Each structure stands twice: as structure tokens, then as C-alpha cells.
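Read off the chains here:
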Amino acid sequence: MDCIFCKIAAGQIPAKKVFEDGEIVAFRDINPVAPTHVLIIPREHIETINDLEPGHAAIVGRLHLAARELARQEGLAERGYRLVFNCGPEAGQAVFHIHLHLIGGRKLSWPPG
Ligand code: DGP
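Residues numbered from 1 in each chain as written. Predicted model: local features only at pLDDT ≥ 70, side-chain atom pairs only at ≥ 80, totals over all residues. Heavy atoms only, no water.

A look at the pairing of strand β1 (residues 17–20)
On a regular strand, each side chain points to the face opposite its neighbour's, so the side chains alternate between the two faces of the sheet. Short version of the rule: Any two strands are treated as partners once DSSP identifies two or more bridges connecting them. Helix and strand definitions here come from DSSP, where helices need a minimum of 4 consecutive H or I residues and strands a minimum of 2 consecutive E residues; each element is numbered from the N-terminal end.
The pairing of β1 with strand β2 (residues 24–28) spans three bridges and is antiparallel. Bridge pairing in β2 places F19 opposite A26. Counted between consecutive antiparallel strands, the loop separating β1 from β2 contains three residues.

A closer look at the pairing of strand β3 (residues 36–42)
Keep this limit in mind: A simple rule labels every residue: compare its accessible area, found with a 1.4 Å probe on the protein chains alone, to the largest value its type can have, and call it buried under 20%, exposed over 50%, or partly exposed in between.
In terms of burial, β3 is largely enclosed, as seven of its seven residues are buried. Alternating positions in β3 separate into two faces, T36, V38, I40 and P42 on one and H37, L39 and I41 on the other, with burial throughout. With five bridges joining them, β2 and β3 adopt antiparallel strand pairing. By the bridge assignment, A26 is partnered in β3 with I40.

Side note on the pattern of salt bridges
Note the threshold: The salt bridge criterion pairs a side-chain nitrogen of Lys or Arg with a carboxyl oxygen of Asp or Glu, the two atoms within 4 Å.
Inspection of every chain in the model, using the stated rule, returns seven salt bridges. Linking R72 and E69 is a salt bridge whose minimum nitrogen-to-oxygen distance equals 2.6 Å. In this pair, R72 and E69 both sit in helix α2 (residues 57–73), three residues apart, roughly one turn of the helix.

What to know about the nonpolar core
What counts is decided by this rule: Think of a nonpolar core as a cluster: buried Ala, Val, Leu, Ile, Met, Phe, Trp, Tyr and Cys residues, connected wherever their side-chain atoms sit within 4.5 Å. The criterion used for residue contact is that any of the two residues' heavy atoms lie within 4.5 Å.
In terms of nonpolar packing, the biggest core is built from 16 residues, with I24, V38, I40, L63, L70 and L102 touching the most fellow members. Contributing elements (two or more residues each) for this core: β2, β3, α2 and β5 (100–104). Here this core gets seven residues from one element, more than from any other, and that element is α2. Once residues lying within four places of it in the same chain are set aside, the contact partners of L63 are I24, I40, I41, P42, F85, I98 and L100. Counting nine residues, the second largest nonpolar core, distinct from the first, contains C6, A9, V25 and L39.

Looking at the sheet that holds β3
Quick note on the threshold: Helix axes are fitted only over the stretch in contact, all axes being lines through C-alpha atoms; the angle between N-to-C directions runs from 0 to 180 degrees.
The strand order β1-β2-β3-β5-β4 describes an open sheet built from five strands, whose pairing is antiparallel. Of all the strands in the sheet, the pair left with one neighbour each is β1 and β4 (81–84). If you compare each strand with its neighbour and ignore which way they point, the axes differ by 15 degrees on average. Judged from the five bridges that link them, β3 and β5 form a sheet pairing that is antiparallel. The partner of T36 across the bridge, within β5, is G104. Lying on the sheet, α2 is in contact with β1, β2, β3, β4 and β5; it crosses β3 at an angle near 155 degrees.

Written as C-alpha cells, this is what we have:
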């Protein structure tokens, strides 16, 4: 499958991985928008949030638990951070393998652009 995040998960192309296990992989975004910008993905190829099914509930939960732990490791737990899934064209989704953005380390504005 020609998916860049599947290839990162499989170790076929390099990435700065910060966590991986049998189900999920987390790595630093190649184009960070903040001092901490980590992408947390399932190994399973799921194109968008629209494609989630009830059977994905556990893996989606695990993405968030990994984000919580990585935020703690990055010193963001008390400072604050943002978790984002972009879905579809108007949200600017560029890679069609779901990924949870963990963004922090600076004051983030709201609403997002
Ligand atoms: P999104 O717009 O939510 O689809 O964000 C995709 C993100 O993926 C974007 O912030 C840049 C990042 N990205 C794209 N290609 C690569 C890559 O090859 N390596 C890494 N580390 N990040 C990538």
C-alpha cells in the first residue's frame, strides 16, 4: 500500500519515533508547528475519522492514552497542549492514514485557523 504513514510504521522510511508497540506508533512531525509536535497513529491503515467503526473504539482510545503519556514526558501535562485529528479537505487533512496531532510547548491560539 502506498501510504507514507504505513511505511513509517513498518520502518521502511525513517522518522523520529518517540514510541511504538504492536498497535500504535508515535513520531515527530516533519514540519512542526510548535516545539512539541508528535503524530500518533495506529498501525492499521484507516484513511479518515469518517472510516472509524465501533471495533476501532479501543485503538482510538489507545491513541489518546499514548498522547497523555507523551505529553507528560514532554513536560506539557500541566502547561497544556492540544490534540487534533484533521478530517477531510476543509480541515486540511494531507495524509490519509488517521493521525492524532499532539501539539504544545507554546501558547496556542483559539479558534484555530
Ligand atoms: P494533516 O494535515 O493532519 O494530514 O497532517 C499531516 C502531517 O504529517 C503534517 O503536519 C506533516 C506530517 N508529515 C507528512 N509527511 C511526513 C513524513 O514523511 N514524516 C513525518 N515525520 N511527518 C510527515
